[in-house]
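Working through the structure, step by step
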Amino acid sequence: MENDILDEKIYSIKKSIYTSFSKIDAAFIAYILMIVLVCQPLFSLFFDASTSSQIVALYFGKATLIRLIGLLGFINAFFDYYCKRFIYRKKYWDKTFLKNAWTGLLAILLIISFLSALFSARKYTAFFGDAYRYEGFFSYIAYAGIFASASLVTNEKRRKSLLIIFVSISLTVGIATILKELAGFSFLMNSGGRIMAWSGTFINPNHYGYYICVSMSVALGLYQESRTWKGKVVYGIMFLTNTFVLAKNTSYGPFLAILFGFILYAVLYIIRNGFKESWYLLVLFALFIGLSFLVNNKLANDITKTFFEFLNISSSIGEGIGSGDIDSATDGINGGSGRFVLWKAAVKIMLKYPIFGCGPENIQYIIHNYGASPLTIPHNEILHIGANMGIPAMLVYVTAIIWFGVVAIKNIKKLSNTALIAGCAVATYLASSLVGVPMTITTCFLFLTLGLLNSWFKEKNQEDLTKELLESIDLGDLKNDEVVSKEEPQEEAKEETLAETI
């Protein structure tokens, strides 16, 4: 009897909290936060970086804005989860973290990263990151908030508008970069000779390249999905403007990434819709290749060099496997603009610290002990995770991404247009991350697009849960304590109101 009274009191408290939180439009708040995020590259469009302190302040300001957006998104998503959990009980947990297993795996990765930071040698850096890339555990929380917020944007029109804003901002930054570099507009991104050319508002041209290849992937999808010539022309211009900037930028990794993303999108689009309208892609692809080689006359040499480096590295690894001594076989072998040495060092650190790694963002302080230059990082996101947070973290991350990709491809003919575009943008970013570095100002867009793809699956799960709940109400199988207070019977009109609010 006492337990029943206690249960009723606990339920009454939970219901009162639910009533307060249920008034919050979490989906709309998430949508607004993601709009602010995609507009973030405009931050520092007009800046003066003539001193080192101004550059540090610029980095810190951009990272702080992204972290704030992510933190607010995390809190908002928590409120939404509580309300849904109150209505659907354990089923909502199962749908969120078990059916969409990649979400559960990413949550596990966040927990591992916390433990890794806790046991690291440089705890401050592990939690807050360094004063350049500003990664670290607090950025990982921001990424979780961004992923959760983007996942709440389950409305197709909102998803599309978010993607349109994203490419529009990238076009604005691209035009501003062209005006600065070619027309000499000094009031745009005044570098004071301290920032490399063609780096936009990202300070480093390679980091700008990571952003460009994602925005180009989105522009490509919007171009192909547009049903009008006007739309195709607009999105085509957005795509080609960024192509020009990327070619002048000379970031080779992002070029290969968008090339991969373009081919992937074309294949998936043909599977979904057939060959009938796919020739539009051929037109844009020809313009992309032609403009890239026209603007960057070193591109052909870079491709040839990469091909022979790949053969050389593969041959050396093969010899090492045969002899049982890969380290000696690959000694003196290099490639990827010095990246192979960094990759070897990252693998050695992984094997030295296999469980929790050396700690988030700690690798740069010990990598010189493993054959690489001091204060460098692996330039490969998978190895970066493995060395910093351990082999389990790396395996969880890779498993989550592959699982998500396989399930998305299995649903290729069911995915909404925006989900397909977001998925290809994710693949494009991941391709660039194999030779790139994680940065708060760029990695946030991985979790944005990852979340937008996840939002389609979340939308379907929500529909299933609502249907199951309504069927339970119609059949009279739903217990009073699962929806309303145990003390008061629920009228039919109130049941309909509950169904509508869901």
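What comes next concerns the included structure. (Residues numbered from 1 in each chain as written. Predicted model: local features only at pLDDT ≥ 70, side-chain atom pairs only at ≥ 80, totals over all residues. Heavy atoms only, no water.)

1. Looking at the overall build of the protein
Helix and strand counts for the protein come out as 21 helices and zero strands. When each of the 502 residues of the protein is scored for burial, the buried share is 51%. Pairs at least 24 apart in sequence give 77% of the contacts found in the protein among residues at least 6 apart. As presented, the protein carries roughly 23100 Å² of accessible surface, and 65% of it is formed by carbon and sulfur atoms. (Helix = DSSP H or I, 4+ residues; strand = E, 2+ residues; numbered from the N terminus. Buried < 20%, exposed > 50% of the residue type's maximum accessible area, 1.4 Å probe, protein only. Contact = heavy atoms within 4.5 Å. Areas by Shrake-Rupley, 256 points an atom, 1.4 Å probe, with all protein chains shown as cover.)

2. Notes on the pattern of salt bridges
Summed over the entire model, instances satisfying the criterion amount to eleven salt bridges. For lysine 90, the salt bridge is made with aspartate 94, and the minimal N-O distance between the two is 3.0 Å. One end of the pair is lysine 90 and the other is aspartate 94, both in helix α4 (residues 90-99) and four residues apart, which spans about a single turn. Classification of aspartate 94 as partly exposed rests on a relative accessible area of 23%. (Salt bridge = Lys/Arg side-chain N within 4 Å of Asp/Glu carboxyl O.)

3. Let's talk about the nonpolar core
By size, the foremost hydrophobic cluster in this structure holds 127 residues, and its most contacted members are Met34, Leu448 and Phe457. Beyond its immediate chain neighbours, meaning those up to four positions away, leucine 448 contacts Met34, Leu37, Val38, Ile146, Ala150 and Leu162. (Core = buried A, V, L, I, M, F, W, Y, C linked by side-chain atoms within 4.5 Å.)

4. A closer look at the packing of aromatic side chains
Aromatic rings in a pair are described by how distant their centres are and how their planes are angled relative to each other. This structure, assessed with the given rule, holds 37 aromatic pairs. One aromatic cluster in this structure is built from Phe114, Tyr124, Phe127, Phe128, Phe137 and Phe138. Sitting over the face of the ring of tyrosine 31, arginine 158 holds its NZ or CZ atom 5.4 Å from the ring centroid. It is lysine 232 that lies over the ring of tyrosine 280; its NZ or CZ is 4.3 Å from the centre. (Phe/Tyr/Trp six-rings, centres within 6.5 Å; stacked < 30°, edge-to-face > 60°. Lys NZ or Arg CZ within 6 Å of the ring centre and 35° of its normal.)

5. Focus on the packing of helix α9 (residues 205-225) against helix α10 (residues 229-249)
Packing of α9 against α10 leaves a shortest axis separation of 9 Å and a crossing angle of 160°. Viewed along their axes, α9 and α10 adopt a mutual orientation that is roughly antiparallel. The two elements α9 and α10 cross, and the hand of that crossing is left-handed. Mapping the contact onto sequence places Pro205, Asn206, Tyr208, Gly209, Ile212, Ser215, Met216, Ala219, Leu220, Leu222, Tyr223 and Gln224 in α9 and Lys232, Tyr235, Gly236, Met238, Phe239, Asn242, Thr243, Val245, Leu246 and Asn249 in α10. Classifying every residue of the contact of α9 with α10 gives 13 nonpolar, eight polar and one charged. (Axes fitted to C-alpha atoms, helices over the stretch in contact; angles between N-to-C directions. Parallel < 35°, antiparallel > 145°, perpendicular 65-115°, else oblique. Left-handed = near helix turned anticlockwise from the far one by under 90°. Nonpolar A, V, L, I, M, F, W, Y, C, P; charged D, E, K, R; others polar.)

6. Section: a nonpolar patch on the surface
The grouping of Phe46, Ile175, Leu179, Phe185 and Phe187 at the surface amounts to a nonpolar patch, some 480 Å² of accessible area in total. Position of phenylalanine 46 among the secondary structure elements: in the loop between α2 (26-39) and α3 (52-88). (Patch = residues over 30% accessible without salt bridge, like charges linked within 9 Å, V, L, I, M, F, W, Y side chains within 5 Å.)

7. Considering the environment of isoleucine 303
Locating isoleucine 303 in the fold gives a position in helix α13 (residues 299-323). Taking the relative accessible area as the measure of exposure, isoleucine 303 reaches 34% and is therefore partly exposed. Between the C-alpha atom of isoleucine 303 and that of leucine 256, which follows or precedes it by 47 residues, the distance is 9.1 Å. Excluding its chain neighbours within four sequence positions, the residues that come into contact with isoleucine 303 are Tyr252, Phe255 and Phe293.

8. Describing the side chain of threonine 376
Within the element layout of this structure, threonine 376 appears in the loop between α15 (339-352) and α16 (381-389). At 2.6 Å, the side chain of threonine 376 and the backbone oxygen of serine 373 are in polar contact. (Polar contact = N/O pair within 3.5 Å; in protein donor to acceptor, adjacent residues only side chain to side chain.)

9. Some remarks on unusual backbone geometry
Although it is not a glycine, serine 44 sits at a positive phi angle of roughly 80°. Note that serine 44 resides in the loop between α2 and α3. Unlike most non-glycine residues, arginine 89 shows phi in positive territory, near 60°. Within the secondary structure layout, arginine 89 lies in the loop between α3 and α4.

10. Digging into the side chain of asparagine 388
One can find asparagine 388 in helix α16. Excluding its chain neighbours within four sequence positions, the residues that come into contact with asparagine 388 are Ser116, Phe356, Gly357, Cys358, Gly359, Pro360, Glu361, Asn362 and Ile363.

11. Things to note about helix α5 (residues 101-118)
Under the 1.5 Å per step criterion, the end-to-end length of α5 is 26 Å for 18 residues, consistent within 8% with the ideal 26 Å. Every buried residue belonging to α5 is among Ala101, Trp102, Thr103, Gly104, Leu105, Leu106, Leu109, Leu110, Ile112, Ser113, Ser116 and Ala117, and all of these are buried. (Expected span 1.5 Å × (residues − 1).)

12. Describing helix α8 (residues 156-183)
With 28 residues, α8 extends 40 Å between its outermost C-alpha atoms, agreeing within 8% with the 40 Å of an ideal straight helix rising 1.5 Å per residue. Among the residues of α8, the N-terminal cap falls to asparagine 155, whose side-chain oxygen and the backbone nitrogen of lysine 157 are separated by 2.9 Å. Backbone geometry just downstream of α8 places glycine 184 in the positive-phi region, at approximately 75°.

13. Let's talk about the packing of α2 against α3
The interhelical angle for the contact between α2 and α3, taken along N-to-C directions, is 165°, at an axis separation of 10 Å. For the element pair α2 / α3, the angle class is roughly antiparallel. Where α2 crosses over α3, the two elements pack in a sense that is left-handed. Contacts between α2 and α3 pair Ala26, Ile29, Ala30, Leu33, Met34, Val36 and Leu37 from the former with Ile66, Ile69, Leu72, Gly73, Asn76 and Asp80 from the latter. Residues that form the contact of α2 with α3 fall into these classes: ten nonpolar, two polar and one charged.

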